[in-house]
Amino acid sequence: MALTIFRNDNTFILDGKINAMTARRFEKHVNTTFKTIKNLTIDISKVTEIDTKGVVALKVIYKKAKTENKTFSIVGSGCKDIYEELLTMNIA
């Protein structure tokens, strides 16, 4: 299954897999809208898989949000696991 990205204001709702096949497109999609948003929420409730490339994409997005002083949140089941993974990368 591919990754589908829906946007509702400042929330990106993801449906599918964030993996080696989809992570780069996901990262680019979010980065193209960075200039128009102040806060960013990523909803992973419908994500069925996140591999290492997916976590790296979230890391890159997080760093960009932090650099540009934007609020960044990940919501949905599994977000605690992602947070813990980001902690091991020393960025959370």
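Just above sits the structure.
For clarity, every value in this text was computed on a predicted model and none was experimentally measured.

**Student:** I keep staring at the overall build of the chain and nothing clicks. Help me out?
**Tutor:** Regarding its fold elements, the chain presents three helices and four strands. When the helices and strands of the chain are read in sequence order from the N terminus, they spell out β-β-α-β-α-β-α. Residue burial in the chain is summarised as follows: out of 92 residues, 36% are buried. Summing over all exposed atoms, the chain offers an accessible surface of approximately 5,500 Å²; the carbon and sulfur share of this is 51%.

**Student:** I tried to follow the environment of I44 on my own but got confused; where do I start?
**Tutor:** Here I44 shows up in strand β3 (residues 39-50). Given the relative accessible area of 3%, I44 is considered buried. Separated by 31 residues in the primary sequence, I44 and V75 have C-alpha atoms spaced 6.1 Å apart.

**Student:** Help me understand the side chain of N19 in this model?
**Tutor:** Within the secondary structure layout, N19 lies in the loop between β2 (11-18) and α1 (23-33). Here E49 takes part through its side chain, which lies 3.3 Å from a polar atom of the side chain of N19. Setting aside chain neighbours within four positions, we find N19 in contact with E49, D51 and K53.

**Student:** So what exactly am I meant to see when it comes to α1 here?
**Tutor:** The α-helix winds at 3.6 residues per turn, so residues separated by three or four positions along the chain end up facing the same way. Among all positions of α1, only A23, F26, E27, V30 and T33 are buried. Axial view of α1: buried residues confined to an arc of 135°, hence all on one face.

**Student:** Can you help me understand unusual backbone geometry in this one?
**Tutor:** Excluding glycine, a negative phi dihedral is what most residues carry, and trans is how most peptide bonds are arranged. The phi angle at D9 is positive, at roughly 55°, despite the residue not being glycine. Relative to the helices and strands, D9 resides in the loop between β1 (4-8) and β2. In this structure, N69 is a non-glycine residue whose phi angle is positive, near 55°. On the basis of relative accessibility, which here comes to 72%, the residue N69 falls in the exposed class.

**Student:** How do you make sense of the packing of aromatic side chains when you look at a structure like this?
**Tutor:** Describing an aromatic ring pair means giving the distance of the ring centres and the angle of the ring planes. In the structure shown here, the tally under the stated rule is one aromatic pair. A centroid spacing of 5.7 Å and a plane angle of 65° characterise the contact between Y62 and F72, whose relative ring orientation is edge-to-face. A residue pair is termed long-range when its members are at least 10 positions apart, and Y62 in helix α2 (residues 52-67) and F72 in strand β4 (residues 71-75) qualify at ten residues. In this pair, the class of Y62 matches that of F72, namely buried.

Parameters at a glance
- Residues numbered from 1 in each chain as written.
- Predicted model: local features only at pLDDT ≥ 70, side-chain atom pairs only at ≥ 80, totals over all residues.
- Heavy atoms only, no water.
- Helix = DSSP H or I, 4+ residues; strand = E, 2+ residues; numbered from the N terminus.
- Buried < 20%, exposed > 50% of the residue type's maximum accessible area, 1.4 Å probe, protein only.
- Areas by Shrake-Rupley, 256 points an atom, 1.4 Å probe, with all protein chains shown as cover.
- Polar contact = N/O pair within 3.5 Å; in protein donor to acceptor, adjacent residues only side chain to side chain.
- Contact = heavy atoms within 4.5 Å.
- Arc of directions from axis to C-beta.
- Phe/Tyr/Trp six-rings, centres within 6.5 Å; stacked < 30°, edge-to-face > 60°.

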